[in-house]
Amino acid sequence: KLEGLKTIAVTTNGINLSRLLPRLKEAGLNAINISLDTLVPAKFEFIVRRKGTNLSSKATVLIPARMCLPYLQVNCVVMRGLNEDELLDFVDFTKDLPVDVRFIEYMPFDGKYSCSEILHGVE
């Protein structure tokens, strides 16, 4: 641990979280941002580009929540045609967990996107 450092955070899709979290917490990790765009297992595998992870998307949130980390946040990129129908499911799933959920807009970095894919915050 470094003197004066108050927060050690990581952003993850959760794939290796159950394996790495105990050591990370031991090293001083006290905040996690989980990128989780769906609660549907098949969509989760599609998004993280890994088949057969044997990890439910909900487990990526439940594992650190059960380890009582001081700060846990879920970032959900809302995309038209993929997950905009799950917003209330996210709220329902996390309402009794020590988790902040942020719904954020898709930000393409390669310039290759269609305006129809983006679901703007005002929507």
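One numbering rule holds for all chains: residues counted from 1, following each sequence as written. Predicted model: local features are reported for residues with pLDDT of at least 70 only, side-chain atom pairs are reported and counted for 80 or more only, and whole-chain, interface and lining totals are derived from all residues. In computing side-chain properties, one takes all heavy atoms of the structure into account and sets aside hydrogens as well as water.

Caption draft 1: Geometry of helix H4 (residues 87-94). In this scheme, a residue with accessible area under 20% of its type's maximum is buried, one over 50% is exposed, and one in between is partly exposed, where area comes from a 1.4 Å probe on protein chains only. Per the convention used, a helix needs a DSSP run of H or I reaching at least four residues, while a strand needs a run of E reaching at least two, with both numbered from the N terminus. The set of residues buried in H4 consists of Phe90, Phe93 and Thr94. One face of H4 carries all of its buried residues, which in axial projection span an arc of 80°. Arc definition: it is the arc formed by the directions from the helix axis to the C-beta atoms.

Caption draft 2: Up close: the pattern of salt bridges. One speaks of a salt bridge when a side-chain nitrogen belonging to Lys or Arg is within 4 Å of a carboxyl oxygen belonging to Asp or Glu. One pass over the full model with this rule turns up 3 salt bridges. Between Lys43 and Asp85 there is a salt bridge whose closest N-O contact spans 3.7 Å. Here Asp85 lies in the loop between strand S3 (71-78) and H4 and Lys43 lies in helix H2 (residues 41-48), a separation of 42 residues in the sequence. Taking relative accessible area as the criterion, Asp85 reaches 56% and is therefore assigned exposed.

Caption draft 3: Fine view of the pairing of strand S2 (residues 31-35). Most of S2 sits out of view: 4 of its 5 residues are buried. Two elements, strand S1 (residues 9-12) and S2, share 4 bridges in a ladder whose sense is parallel. When the sheet's bridge partners are listed, Thr11 is paired in S2 with Asn33. Traced from S1 through helix H1 (residues 17-26) to S2, the parallel crossover comes out right-handed. The pairing criterion is simple: DSSP has to find at least two bridges between the two strands. Here 5 bridges tie S2 to S3, and the two strands are oriented parallel to one another. Bridging across to S3, Ser35 finds its partner in Asn75. When the strands point away from the viewer, a crossover counts as right-handed if the route from the first strand across the helix to the second turns clockwise.

Caption draft 4: Expanded view of the side chain of Thr12. Among the secondary structure elements, Thr12 is positioned in strand S1. In terms of polar contacts, Thr12 uses its side chain to reach the backbone amide nitrogen of Gly14, at 2.8 Å. Contacts between residues were defined by any pair of non-hydrogen atoms, one from each residue, lying within 4.5 Å. If we ignore the near neighbours within four places in the chain, the residues touching Thr12 are Leu17, Ile32, Asn33, Ile34 and Ser35. Identification of polar contacts relies on pairs of N or O atoms within 3.5 Å, with a donor-acceptor requirement for protein atoms, meaning one able to donate a hydrogen and the other able to accept it, and with residues adjacent in sequence counted only if both atoms are side-chain atoms.

Caption draft 5: Structural view of the sheet that holds S2. Within the open sheet, the 4 strands sit side by side as S1-S2-S3-S4. Their pairing is parallel. Among the strands making up the open sheet, the edge pair consists of S1 and strand S4 (100-105). On average, each strand axis in the sheet is tilted by 20° relative to the strand beside it, whichever way the strands run. Between N-to-C directions, angles span 0 to 180 degrees; the directions come from axes that are lines fitted to C-alpha atoms, helices contributing only their stretch in contact.

Caption draft 6: Up close: the packing of aromatic side chains. Under the pairing criterion, centres of Phe, Tyr and Trp rings, with the six-membered ring standing for Trp, must be within 6.5 Å; the plane angle then separates stacked pairs below 30 degrees from edge-to-face pairs above 60, leaving the rest tilted. In the structure shown here, the tally under the stated rule is 1 aromatic pair. Judged by centre distance (6.1 Å) and plane angle (90°), the rings of Phe90 and Phe103 are edge-to-face. With a gap of 13 residues between them, Phe90 in helix H4 and Phe103 in strand S4 connect regions that are remote in the sequence. Judged by its relative accessible area of 37%, Phe103 is partly exposed.

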